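# Report on the structure
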Amino acid sequence: MAEEKVVKVKEKKVANPEEVTIDPATKQMLKRAQELGIETVFDRAENLKPCNIGIQGTCCKNCAMGPCRLPLTKSVTEGEDDRKGLCGATPNTIAARNFARMVASGAAAHSDHGRSVAEVFLSVARKETKDYKIKDEGKLLAIAPHFGVETTVEVDGKIMDRSIDEIALEVAEKAYAEWGKPEGELYYLKRAPQPLYERWKKLGELPRNIDREIVEIMHRTHMGVDQDYKNLIKQCTRASLGDGWGGSMIATDLQDVMFGTPSPLQSEANLGIMKTDQVNIIIHGHEPILSEMIVAASQTKEMLDYAKTKGAKGIQLGGICCTGNEILQRHGVPPAGNFLQQELAIVTGACDAMVVDVQCVFQNLANVAKCFHTKLITTHRIAKMEQDNVIHIQFDEHHAMEDAKRIVRLAIDNFPNRKNVMIPKHKAVQIAGFGVESIQYHLGGTFRGSYYTLNDNIINGRIRGIAGVVGCNNARTKHNEQHIVLVKELIKNDVIVLSTGCNGITCAMEGLLSPETAQVFCGPGLAEVCETVGIPPVLHMGSCVDNSRILLAATEVVKAGGLGKDICDLPAAGAAPEWMSEKAISIGQYFVASGVYTLFGLMLPVDGAPVFQNYLFKEVEKIYGGKWDVEPDPIKMAQKMIAHIDKKRKALGIDKARERVLMDMEARRQLEA
Ligand code: BF8
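Residues numbered from 1 in each chain as written. Predicted model: local features only at pLDDT ≥ 70, side-chain atom pairs only at ≥ 80, totals over all residues. Heavy atoms only, no water.

### Overview of the domain arrangement of the protein
If you check the domain split of the protein, you get domain 1 (91–259), domain 2 (271–417) and domain 3 (430–652). One C-alpha centre belongs to domain 2, the other to domain 3; they are set 31 Å apart. Between domain 2 and domain 3, the contact holds 16 residues from the first and 24 residues from the second. Approximately 1,500 Å² of surface area, both sides summed, lies buried where domain 2 meets domain 3, with 62% of it carried by carbon and sulfur atoms. Considering only the side of domain 2, the residues that lose the most area to domain 3 are Gln 329, Asn 338 and Leu 340, jointly responsible for 38% of the buried surface there. Remark: the boundary between domain 2 and domain 3 carries zero salt bridges. (Domains from an automatic or database assignment. Contact = heavy atoms within 4.5 Å. Buried area = accessible area lost by both parts, 1.4 Å probe. Salt bridge = Lys/Arg side-chain N within 4 Å of Asp/Glu carboxyl O.)

### Some remarks on the coordination of the nickel atom of the ligand
Protein coordination of the nickel atom of the ligand rests on one atom only, Cys 544 (SG), at 2.2 Å. Each of the four donor atoms around the nickel atom of the ligand contributes to a set of angles spanning 91 to 159°, which defines the coordination as irregular. By the secondary structure assignment, Cys 544 is in the loop between strand S15 (538–540) and helix H23 (547–560). (Donors = N, O, S within 2.8 Å, 3.2 Å for Na, K, Ca; no water. Tetrahedral: all angles 85-135°; square planar, octahedral: opposite > 155°, others 65-115°. Helix = DSSP H or I, 4+ residues; strand = E, 2+ residues; numbered from the N terminus.)

### Here's the deal with the nonpolar core
Phe 99, Val 171, Trp 245, Leu 490, Leu 604 and Phe 612 are the most contacted members of the largest nonpolar core, which totals 167 residues. The greatest single-element share of this core, amounting to 15 residues, is contributed by helix H5 (residues 91–125). Membership of the second largest hydrophobic core comes to 37 residues, among which are Phe 42, Ile 346, Met 354 and Phe 372. (Core = buried A, V, L, I, M, F, W, Y, C linked by side-chain atoms within 4.5 Å. Buried < 20%, exposed > 50% of the residue type's maximum accessible area, 1.4 Å probe, protein only.)

### Let's talk about the sheet that holds strand S8 (residues 335–337)
Across a sheet, paired strands are connected by hydrogen bonds in the backbone, their directions being either parallel or antiparallel. Pairing within the open sheet is parallel, and its six strands lie in the order S8-S7-S6-S9-S10-S11. Edge positions in the open sheet fall to S8 and strand S11 (390–392), since each of these has one partner strand only. Strand-to-strand twist of the sheet, defined as the mean angle between neighbouring strand axes without regard to direction, takes the value 30°. Two elements, strand S6 (residues 279–284) and strand S7 (residues 315–320), share six bridges in a ladder whose sense is parallel. When the sheet's bridge partners are listed, Ile 281 is paired in S7 with Leu 317. Packing against the sheet, helix H11 (residues 288–298) makes contact with S6, S7 and strand S9 (353–356), and its axis sits at approximately 165° to S7. (Pairing = 2+ DSSP bridges. Axes fitted to C-alpha atoms, helices over the stretch in contact; angles between N-to-C directions.)

### Section: the site of the ligand
In the vicinity of the ligand, the residues found are His 286, Cys 321, Cys 322, Phe 339, Cys 360, Gly 471, Cys 472, Cys 502, Cys 544, Met 580, Ser 581 and Lys 583. Side-chain polar atom of His 286 to an oxygen atom of the ligand: 2.7 Å apart, as the coordinates give it. Taking Lys 583, its side chain carries an N or O atom lying 2.9 Å from an oxygen atom of the ligand. At a threshold of 2 Å from the grid points, most atoms of the ligand map onto the largest cavity. A breakdown of the residues in the shell around the ligand according to their chemical character gives eight nonpolar, three polar and one charged. Each of domain 2 (271–417) and domain 3 (430–652) accounts for three or more of the residues forming the shell around the ligand. (Near = heavy atom within 4 Å. Polar contact = N/O pair within 3.5 Å; in protein donor to acceptor, adjacent residues only side chain to side chain. 1 Å grid on protein atoms, 1.4 Å probe; cavity = no way out; pocket = protein on both sides within 12 Å on 5 of 7 lines; lining within 4 Å. Sits in = over half its atoms within 2 Å of the grid points. Nonpolar A, V, L, I, M, F, W, Y, C, P; charged D, E, K, R; others polar.)

### Let's talk about the environment of Asp 629
Relative to the helices and strands, Asp 629 is located in strand S18 (residues 628–630). Among residues more than four places away in sequence, those in contact with Asp 629 are Tyr 597, Thr 598, Leu 599, Phe 600, Phe 617 and Lys 640.

### Quick look at empty space enclosed by the protein
A full pass over the atoms with the stated rule returns four cavities of 30 Å³ or more. At the level of elements, helix H13 (321–331), strand S13 (465–469), H23, strand S16 (572–576), helix H24 (582–593) and strand S17 (597–600) are the ones that each hand at least two residues to the lining of the largest cavity. Looking at the lining of the largest cavity residue by residue, the classes come out as 31 nonpolar, seven polar and one charged. Two domains each put at least three residues into the lining of the largest cavity: domain 2 (271–417) and domain 3 (430–652). If you add up the space inside the second largest cavity, you get close to 90 Å³. Along its surface, the second largest cavity is lined by Cys 60, Asn 62, Cys 63, Met 65, Gly 66, Cys 68, Gly 85, Leu 86, Cys 87, Ala 89, Arg 97 and Met 223. Its residues assigned to classes, the lining of the second largest cavity shows eight nonpolar, three polar and one charged. (Points joined across faces, edges and corners; volume = space filled by probe spheres on them.)

### Observations regarding the pairing of strand S3 (residues 152–155)
The pairing of S3 with strand S4 (residues 158–161) spans four bridges and is antiparallel. Paired with Glu 154 across the two strands is Ile 159, which belongs to S4. Linking S3 back to S4 in an antiparallel pair, the connection comprises two residues, with Asp 156 at a positive phi of about 50°.

### Looking at the pattern of salt bridges
Applying the stated rule across the entire model yields 43 salt bridges. With its nearest N and O atoms 3.2 Å apart, the salt bridge here joins Lys 640 to Asp 629. Of this pair, Lys 640 sits in helix H26 (residues 634–652) while Asp 629 is found in strand S18, placing the two residues eleven residues apart along the sequence. Given the relative accessible area of 28%, Lys 640 is considered partly exposed. Assessed through its relative accessible area of 12%, Asp 629 is described here as buried. In this structure, Asp 655 and Lys 656 form a salt bridge, with 3.4 Å as the shortest nitrogen-oxygen distance. With relative accessibility at 73%, the residue Lys 656 sits in the exposed group. Members of the salt-bridge network, linked through shared partners, are Lys 139, Arg 191, Asp 253, Asp 256, Glu 326, Arg 330, Glu 437, Asp 546 and Arg 549.

Here it is, written out as structure tokens:
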């Protein structure tokens, strides 16, 4: 008889809820998941460690002679670096190719989202759909000239307004063509400060169309093509500008035209927004084409009456990730959580349906949903799941309301099937809905330019500078901690924070998006400004495609005068302290190429190629005025950002306007008291 083989099953570790997050609702739900034997991302992070070579950026798997792995070892750093792949590719080439492919993927994700929005807008302009409309004609008129579309016409020597329908159709056609036009350059590049546009032009880095630059990265990084890391970064700039000043910016603008331009509103955030006595629908993903229609459907009398027949008092929507930010900004729908909380929304047992479209959606949601009554519904033709408990309802703009009602009805029908419910109490009040226009309204003026008050307060030193803090959560670091420590450190030092993406949700959960926060956490100058104009010290500007709003806000600051001629002159810096997505790399590259000192937390997969790393962290500043950096410690990250802001203040000659010292521990303690 054959000997019986004993297969030892390695016992799986579980995460310690107290150690992996700072958020009490997340801790509570993680403990519940573990008690119920349900695995989440936090547990998986304990059992699967990142690849030590991949993390350095020096593993090349672009052909079948490899993967060629070129780790940076002690002997390499001490001796001559003669590492090569089979084809001879150096660590610099390999790391730059991998970096470029991340830019391509990130730019593709944002821009494909933008394309979907442009397609729906084209349907609206052609009157092929009745479910979507033009909601903000003012925004349409504001963006039309940037596409070279006239808003007036001369008839018999008189200047007449063109019809909205005519303008919409021309804007829609021109916008849609930006993805594949055969010649020229992207229209929106000229919205940048002129010196910046001229810089890109001189460098030969103006993107020709959105798709082409992404495709060209894939070509250049194919085996045996571009073997010069500097040349690869030039292409990264083209593709990423095609994202930030192209696909993302068009997405933001056309969404505003169709769904309304956000303005400040009150809402809440965290898992505590879910209700025991209402149908809870969690909307997760990125494209507001879906979420807008679900918001509309859930407010109809038909659906509300139907919910009552099933014993529910109403319908509570909640967002996760950036589609959550979109409906927060425009309708005040509260986010139920950020990226790392998606599984936990189901663990409440109160999620009657989770509706997802594209990007940042865990495949494990289906496994968690199996343990509860939750209906998990995919809606996008490019994003399906293999698990058999997932329902696919393909969303189509031509019958969007019908699809949305079908989804809402499914959730209502599921309400009576709840069994074991535990909704955390934790939630915080927030003011969200900021944008270029609302900052102008709150901090503007007509005397010397639209952003005059903001600029004046920067020049007089009450506001030390501007920080864009954006991006994801990452299970490789304590959930939310880097975001919150960084943002608190910045506002303590009078740096106003513009936020998007999961950083916005995180700040909201921590109560940093309320005007009252200013007196508790801000330095005296920023606190005074916030109190005077009634804004929080952290302004939530929306989803990740809405980073384009930060680019345009920076451009408005330049235009208002007194702070230099280009974005790179501003006392400003950017950060993504808990980044994880390839989209973040594209965002980082377009901020760097737009002149911003941009810091990422955790790591950047370039350590294995020190020459290439040095190029990104130092050399590119001479080219673009901005550069990359990595800093895992959030206090040090804040200090680096503040030091950069102070350097720019000095160059502008406005350093004397404020005391240039970082707040010491004693000053901080006094603020916290
Ligand atoms: O696009 S911040 S985890 S949700 S990638 Fe994803 Fe990152 Fe959140 Fe929005 Ni952006």
